[in-house]
Amino acid sequence: MQGTFGLSLPKESLIRTSAEYALCYAQGRRMHTRHFLLFVAPPAEGDEGVRLGTAVSRKTGHAVVRNRIKRVLRECFRLHLRRLPVSARIVVVAKRQAGSAALRLDDVTHELTDALNRYFHLS
RNA sequence: GGAGCCGGGCGGAUCGCCGCUGCGCUCUUUUUGUGCAGGAUGGGCCUUGUGCCUGCCGGCACAGAAAGGCGGAGAGGAAAGUCCGGGCUCCGCAGGGCAAGACGCCGGGUAACACCCGGGAGGGGCGACCCUCUGACAGCGCCACAGAAAGCAGACCGCCCUGCACGCAGGGUAAGGGUGAAACGGUGGUGUAAGAGACCACCAGACACGCCAGCAAUGACGUGUGCUCGGCAUACCACGUCUGGAGCAAGACCAAGUAGGGGAGGCGGCUCGCCCGGCCGUGUGCCUCCCGGGUCGGUUGCUUGAGGGUACGGGAGACCGUGCUCCUAGAGGAAUGGCGGUCCCGCACAGCCUGAUCCGUCAGGCUGCGCGGACAGAACCCGGCUUACAGUCCGACUCUCUGA
RNA sequence: CGGGAUGUAGCGCAGUCUGGGAGCGCACUUGAAUGGGGUUCAAGGGGUCGAAGGUUCAAAUCCUUUCAUCCCGA
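The rules we used
- Residues numbered from 1 in each chain as written.
- Chains lettered and ligands numbered in written order.
- Predicted model: local features only at pLDDT ≥ 70, side-chain atom pairs only at ≥ 80, totals over all residues.
- Heavy atoms only, no water.
- Helix = DSSP H or I, 4+ residues; strand = E, 2+ residues; numbered from the N terminus.
- Buried < 20%, exposed > 50% of the residue type's maximum accessible area, 1.4 Å probe, protein only.
- Polar contact = N/O pair within 3.5 Å; in protein donor to acceptor, adjacent residues only side chain to side chain.
- Phe/Tyr/Trp six-rings, centres within 6.5 Å; stacked < 30°, edge-to-face > 60°.

Regarding the side chain of threonine 113
Argument step 1. By the secondary structure assignment, threonine 113 is in helix α3 (residues 105–120).
Argument step 2. The buried category is assigned to threonine 113, whose relative accessible area is 18%.
Argument step 3. Only 2.6 Å separates the side chain of threonine 113 from the backbone oxygen of threonine 109, close enough to count as a polar contact.

The structure is reproduced here in structure tokens:
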């Protein structure tokens, strides 16, 4: 399991219950980037690797825009964030201006990896 | 060619790599259960038997699960707003009355509708065409300001007659004036003191009757009555028709699991609101509210349907019937995607070519580069309505300009 | 999924039911009183009444559609 995650995105690596979201909001460290607000919380008991949660409110835009942001975030997580040699639960909350920014995958990847590298003191 | 109007259609195409969710195959691997036959034979029980129970090893078959593999599918015309109408499900028995709400010319279509089709009337537009639709002699109201007067009777300035104290009183009149969105038919004449449907002719309308056409709304015609009668129900209201309530978080099943509590209130509670009626419960106890506690998982409902396509038939059309054919998303912190290439379309710029030219440019084509490709995401399912929308195609029609 | 409220001057609100003049307070501008400021007094400016259409002689008000914000219940 460890080392070669592959490129797949199983559902177990996503945060899916409101209890877990609430825990991340309460215990996580907050970090701001240009378009997102990150909550980084320690992993669950006996868990390894990185898990992702996304939250995009209606203030960000209509449904097509919100779905697009979530899909790009998941794609970024699948291709890059899961390979980080750490264990954590990360919740990404889209800010209001993320809706009108027409974000591409590369932009999001740079924005999030920079922030997380600073946080974990990597490279 | 330009401008417009109506109806219908499309809503970028394709390839590569990686990913997501169902479905199918059962090709691998693992595993569970059941059955069958077999091999070594271990343990236990006694009634010591060709006994019974249990365990080990691999094999085959069937069923299930997980991971991988292969195959195939995967957002819309509005999926949107949630404005109507149904299906479905439960509560329940919907029986009556009141209330409330929606709708409102006529006929038809439909499961139903506030939708659609056809017709009628009124209004707008040169026109194609578009918009609107019960009732104002059932009641109750409103019509500001201006104006004499705003609804049915009346008379400010005028006009005319009479009287006299000579600018006032009484009477007649509604032609003329001005106000207003709207002023009690219009034009011309007869008539008169002045006038007036007082009377006459024509025009417009209303009402009643008759008759014809039409299923009907309604329309045409004729006769009579001088009858001339305002608008607003998209204010209340009246009349007619319809409506039981909630909604897939409906509902059903399985699993897990705490408490069998405490307090307050009512004798009743439920049936959309109210009344009658009905049903349920009543001391080992009903109902409501609050506090406290547990669970907040899985399966199903869940996609084959008033379904799409096509041919023929019926109909003026909406639509209906019959035959053949197709299967086309089912998520759940919520899949249907990410990145890149090529092509297509539009716009702008640059260059070249061709044609026209009033030498300012204009039109078309090719190449290159850049930018852009809308509105918008299924959440039980249908039928509509409304709203948003880059661009584009097809068909019918109208007006106008020019040419033959 | 179901239900409700609000939108009027820069800000906070009334007026909407029952249709005819668009108002109130604060803020703003000008002037007066003061040596100056504050306070006070007087005068004044500022409005697509969220948007579009309809009914009406006339619409902030009535009707329909639509946009935005907010709040409940499951």
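Brief notes about the packing of aromatic side chains
Argument step 1. Under the definition given, this model contains three aromatic pairs.
Argument step 2. For the ring pair tyrosine 25 and phenylalanine 39, a centre distance of 4.9 Å and an interplane angle of 75 degrees mean the geometry is edge-to-face. Separated by 14 residues along the polypeptide, tyrosine 25 in helix α1 (residues 18–27) and phenylalanine 39 in strand β2 (residues 36–41) bring together distant segments of the chain.
Argument step 3. With a relative accessible area of 35%, tyrosine 25 lands in the partly exposed category.
Argument step 4. For phenylalanine 39, a relative accessible area of 7% puts it in the buried group.
Argument step 5. An aromatic cluster is built from Tyr21, Tyr25 and Phe39, whose rings are joined through pairwise contacts.

None of this, on its own, says anything about what the molecule does.
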